[in-house]
Amino acid sequence: MSGTFIFDNKSVEMPVKEGTIGPSVVDIGKLYSQTGMFTYDPGFTSTASCESKITYIDGDEGVLLYRGYPIDQLAEHGDFLETCYLLLYGELPTAAQKADFDYTITRHTMVHEQMARFFQGFRRDAHPMAVMVASVGALSAFYHDSTDISDPKQRMIASMRMIAKVPTLAAMAYKYYIGQPFVYPKNDLDYTSNFLRMCFAVPCEDYKINPVLSRALDRIFILHADHEQNASTSTVRLSGSSGANPFACIAAGIACLWGPAHGGANEAALKMLSEIGTVDRIPHYIARAKDKNDPFRLMGFGHRVYKNYDPRAKIMQRTTHEVLNELGIKDDPLLDVALELERIALHDDYFIEKKLYPNIDFYSGITLKAMGFPTTMFTVLFAVARTVGWIAQWKEMIEDPGQKIGRPRQLYTGAPKREYAPIGKR
Ligand code: SDX
C-alpha cells in the first residue's frame, strides 16, 4: 500500500508500512530527496521513530503489552526478573532459563569498591537523581571489557551488569543521602528483597524482609519496566545511535526521566497532593489546572498516548491499598485527597474533553512514601525499573541492520545571511 504526497504540482509516492497491531506508518524517508521539504512534528505527536517488537500501547483502549503479554497478567503472575528476561529475549523463560538468569543477575549486583569513594564527592543533600546520572555514567569507567557495542557478548554483559548494579547504586544514593553506611547485596535474596534490604537495613540489627512489601515493589518495577518510545527511551536510542557506550546511554535516559513531565511526575504528584493537603482544597486546584493562564497542572494526570485510563494506574491503585493495609495505615490523608481528586476530575468536563486520566505516577508516590522512601527517591525507583526497558530498546536498535545515527532536521526561522559588521559600525 502507498500514499501520494502532492505539493506545488509535485507528487511523491510514499510506501505505507503495516505493523502486527496498531497504526500503520507512512515511510517518508525519500520526502526530502524528492521534494526538498522536511516533515514538521515537534514533540513527535504523529511520528514513529523506529520499528520495535518490544512494547505495544493502545492509548484509546488503555492497553499495554510487553512482547505481546498484557501488563496485568505479567504483574499478577510473574516477577520483575521474569519481565526483564521477556523484554530482553522476547519470550517468557523456562524454569531453567529463569534460574540461570536470576543467578547471573544476582552475581553482578556488587559494584567496584572504588564506586563508594566516588559518592564522597557529593554533598549529602545532593538529589539522588543527580547521583544516579553521575554514578551510572561512571560505570563505563570501570567496565572497559563490556563497552565494545559491536560484540554481542559484551552487549549482553553490559546489559546484565546494569540491570544488576543500578539497584545497588540506587540504594547507595539513598544511604549516602540519609548519612547511613552502604549495605552490600546478599546473594540469597531475590532481586527486590535485596534492594529493600540495601536501602533499609542498618548494621545495628538484622533486617526482616516483609514479603508483602517486597512483592508490591517487585510489581511496581514490572509496571515501570518499559513503555514504547517515551522521552527517556528515545533519549537512550538517540544516544546509542552515535555508538556511545551503553552505560553512558542509560545515564542519558536517567537524566531525561528526571523531568517532572516524565518520570519526575511521581515526586511532583506527591508534592502536589501534600500541597493540596485536604479534600476541601481540591476545587481550587482543579480550577488552577483548568486556567489557561496558570502553568499549574495536575501532576500524575494526562498522558501523550493514553487517552483512557493508564492500565498501570489501576494496578498501582490496588497495590497502594495492599501496602497501606499491610502497614496498618488506615486513613492516609494523601490517599483521601488522591481518591477524591480522581473522582472529581473524572467527572469534570475539562478532563473528560481533554481525555485526562490518572497515569502511573498518580498513585505510585503514596505507595513509595508509605514504604519509607523519601520523595526524592521516587524517580530513582522509576529508573531502577526502567533500566531494563532502556537496555532492551538500546539492544534492539544496535542489532537493527538498518540502524544509523539519529539526526533530525529543522524549520529555520532565524536571520537570513548577512555580512559581519565591525564593532564600531554596530
Ligand atoms: C510518564 O511517554 C510515556 O510513556 C511516559 C510514561 C512512561 O512510562 O515512560 O508513561 C511515564 O511520564 C507519565 C506522565 C507523567 N507526567 C505527568 O503526570 C505530568 C502532568 N501531565 C502533563 O504534563 C501532560 O499530560 C503530559 C506531559 C504527560 C502529556 O502532555 P502532552 O501529550 O504534550 O499533552 P498536552 O500538554 O498537549 O496537553 C493536552 C491538553 C492541554 O490543553 P490545551 O493546550 O489543549 O488547551 O491537556 C492539558 C494541556 O494543558 N493537560 C493538562 C494536564 N495534562 C495535559 N491540564 C491539566 N493537568 C494536566 N496534568
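It should be emphasised that the depicted structure is a prediction, and the values quoted were computed from it without experimental measurement.

Cut-offs and rules
- Residues numbered from 1 in each chain as written.
- Predicted model: local features only at pLDDT ≥ 70, side-chain atom pairs only at ≥ 80, totals over all residues.
- Heavy atoms only, no water.
- Salt bridge = Lys/Arg side-chain N within 4 Å of Asp/Glu carboxyl O.
- Helix = DSSP H or I, 4+ residues; strand = E, 2+ residues; numbered from the N terminus.
- Buried < 20%, exposed > 50% of the residue type's maximum accessible area, 1.4 Å probe, protein only.
- Pairing = 2+ DSSP bridges.
- Near = heavy atom within 4 Å.
- Polar contact = N/O pair within 3.5 Å; in protein donor to acceptor, adjacent residues only side chain to side chain.
- Areas by Shrake-Rupley, 256 points an atom, 1.4 Å probe, with all protein chains shown as cover.
- Nonpolar A, V, L, I, M, F, W, Y, C, P; charged D, E, K, R; others polar.

Participant: How should I be thinking about the pattern of salt bridges in this particular structure?
Facilitator: Side chains bearing opposite charge may pair, as long as their charged atoms lie close to each other. The tally for this structure, following the rule as stated, stands at 18 salt bridges. For the salt bridge of Glu 267 with Lys 271, the shortest nitrogen-to-oxygen distance reads 2.9 Å. Within this pair, Glu 267 and its partner Lys 271 are both found in helix H12 (residues 265-276), separated by four residues, close to a single helical turn. Its relative accessible area of 8% is what places Glu 267 among the buried residues. Here the salt bridges share partners, and the residues they tie into one network are Asp 79, Lys 98 and Asp 102.

Participant: Which parts of the structure should I look at to understand the sheet that holds strand E3 (residues 25-26)?
Facilitator: As a general point, the strands of a sheet are linked pairwise by backbone hydrogen bonds and lie either parallel or antiparallel. Read across the sheet, three strands follow the order E1-E2-E3 without closing on themselves; strand pairing throughout is antiparallel. Two strands close off the open sheet at either side, each with one partner strand: strand E1 (2-7) and E3. Bridge count for strand E2 (residues 10-17) against E3 is two bridges, and the pairing is antiparallel. Of the residues in E3, the one forming a bridge with Val 16 is Val 26.

Participant: Help me out: how do you make sense of the site of the ligand in this one?
Facilitator: Taken together, 24 residues lie around the ligand, and His 227, Lys 292, His 303, Arg 304 and Arg 312 are the ones closest in. Here Ala 261 contributes a backbone N or O atom positioned 2.9 Å from a nitrogen atom of the ligand. Backbone polar atom of Gly 300 to an oxygen atom of the ligand: 2.8 Å apart, as the coordinates give it. Its free accessible area being 1,100 Å², the ligand has 77% of it covered by the protein chains. In terms of residue class, the shell around the ligand is made up of 10 nonpolar, seven polar and seven charged.

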